[in-house]
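# Structural overview for review
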Amino acid sequence: MKTRHRLAAIACLALTPALAAAQEITLKLVSAFPENQFYVKRTTDWIADVNKDGKGILQINFIGGPKAIPTFEVGKSVQSGVVDIGLSTGAFYTNVMPEADILKLSETSAAEQRKNGAYELINKIWAEKANMRYLAKVVEFTPFHLYLNKKIDKPDLTGLKIRITPVYRDFFQSMNAQVMTTAPGEVYTALERGVIDGYGWPIHTLFDLNWQEKTKFRVDPGFYNAEVGLVMNLDKYKSLTPAQREYLERKALAYEQQNDFWKAYNVSEAKRQADTGIQTISFDAATSKAYVEKAKEIGWANAIKTSPQYGPELKKVLAR
Ligand code: 173
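Residues numbered from 1 in each chain as written. Predicted model: local features only at pLDDT ≥ 70, side-chain atom pairs only at ≥ 80, totals over all residues. Heavy atoms only, no water.

According to the stated counting rule, one finds 19 salt bridges in the structure shown. The closest approach of N and O atoms between Glu99 and Lys129, which form a salt bridge, is 3.0 Å. With Glu99 in the loop between β3 (85-88) and α4 (110-115) and Lys129 in helix α5 (residues 118-130), this residue pair connects regions lying 30 residues apart in the sequence. Where Lys271 meets Asp275, a salt bridge forms, and the shortest distance between an N and an O atom there is 2.9 Å. Of the two residues, Lys271 and Asp275 are both situated in helix α10 (residues 261-275); the distance of four residues between them amounts to about one turn of the helix. Exposure remark for Lys271: the relative accessible area of 51% places this residue in the exposed category. (Salt bridge = Lys/Arg side-chain N within 4 Å of Asp/Glu carboxyl O. Helix = DSSP H or I, 4+ residues; strand = E, 2+ residues; numbered from the N terminus. Buried < 20%, exposed > 50% of the residue type's maximum accessible area, 1.4 Å probe, protein only.)

Pasting the structure below:
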């Protein structure tokens, strides 16, 4: 009895200062997507919920979008700890590690990846190569498409200048496109000035940036699976108390578990494109099948080339 009391007293003394200092933490979050884009609205709604329930535990402060930190710098800022959390797609931080762009090749869902070892593998790689914790995937079930202002009748982009990110580079180049990398925030002006004849982008959210005003065609079918995630500086993640970490992970998982939302949203976005006059370009069945297969083949070939170490391991858990 006596020893137990003494131990309890020592434990209390040891814990008190730590508890007092770490009651509530405020994390800084930036978005690699423009502030007026829907991903940011969904994320600020999520932040409001985190902050409402997280009083005395954990708060998130939304710093802003690319005006605060440029799109292709968000990954580096999370890696170095300039900010704590980034809302980004992997293609925007291949300057931190090439593996980041491999998540677009996911055919298994985030929910499956939590069960089949992919989530642990991703976190092993993200920790080792980018000093990051991958908290949650918040966009999936979403194909990318090629949007054009000039009509094509076969998958040949010879003579066309197309805006890309690393997501589309190898695939569009394999169809002879001349490519130009830009952040989403620069696409409208490039279209307006006629600097580009088209661009790669998901099936959704092009209205947020008014691109429908400058877009004539969408090429079907889509390819890959858009990934947008919340990534956190690993040192900051490790510095959280167990209660803060449990809270953040629970809220991040709840956000990820809303991804079914995108399925119906994408159907409505395709309809909205048609309603606004964006025409679809499609190929015959065999050509369409070859188009999607080529995208996948090129995607994995590049993944394995840029990451001989992790490309093949990721393929086992991301591909079907
Ligand atoms: O086209 C892009 O900017 C891009 O790579 C991307 C990736 C995921 C979601 C939205 C856009």
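This part is about the site of the ligand. As a matter of local geometry, the ligand sits amid 16 residues, with Phe92, Arg163, Thr165, Tyr168 and Trp201 nearest to it. Contact between the ligand and Arg163: an oxygen atom at 2.8 Å from a side-chain N or O atom of the residue. Residue Tyr168 places a side-chain N or O atom 2.5 Å away from an oxygen atom belonging to the ligand. Contact with the protein chains covers 100% of the free accessible surface of the ligand, which is 290 Å². It is strand β8 (residues 198-202) that provides the largest number of residues to the shell around the ligand, a total of three residues. Its residues assigned to classes, the shell around the ligand shows eleven nonpolar, three polar and two charged. (Near = heavy atom within 4 Å. Polar contact = N/O pair within 3.5 Å; in protein donor to acceptor, adjacent residues only side chain to side chain. Areas by Shrake-Rupley, 256 points an atom, 1.4 Å probe, with all protein chains shown as cover. Nonpolar A, V, L, I, M, F, W, Y, C, P; charged D, E, K, R; others polar.)

Once that is clear, we can look at the environment of Tyr291. With respect to the helices, strands and loops of the structure, Tyr291 is situated in helix α11 (residues 285-306). We classify Tyr291 as buried; its relative accessible area is 3%. Along the sequence, Tyr291 and Pro155 sit 136 residues apart, while their C-alpha atoms lie 7.4 Å from each other. Excluding its chain neighbours within four sequence positions, the residues that come into contact with Tyr291 are Leu146, Pro155, Phe171, Met175, Val219, Pro221, Phe223 and Phe283. (Contact = heavy atoms within 4.5 Å.)

Here we come to the environment of Leu103. Its place among the elements puts Leu103 in the loop between β3 and α4. With relative accessibility at 0%, the residue Leu103 sits in the buried group. Separated by 34 residues in the primary sequence, Leu103 and Lys137 have C-alpha atoms spaced 9.9 Å apart. Among residues more than four places away in sequence, those in contact with Leu103 are Ile122, Trp126, Tyr134, Lys137, Asn225, Glu227 and Leu318.

The next thing to look at is helix α12 (residues 311-318). Within α12 the residues assigned to the buried category are Gly311, Leu314, Val317 and Leu318. The buried residues of α12 occupy an angular sector of 130° when projected down its axis, which confines them to one face. The inward-facing, buried residues of α12 contact α4, α5 and α11. (Arc of directions from axis to C-beta.)

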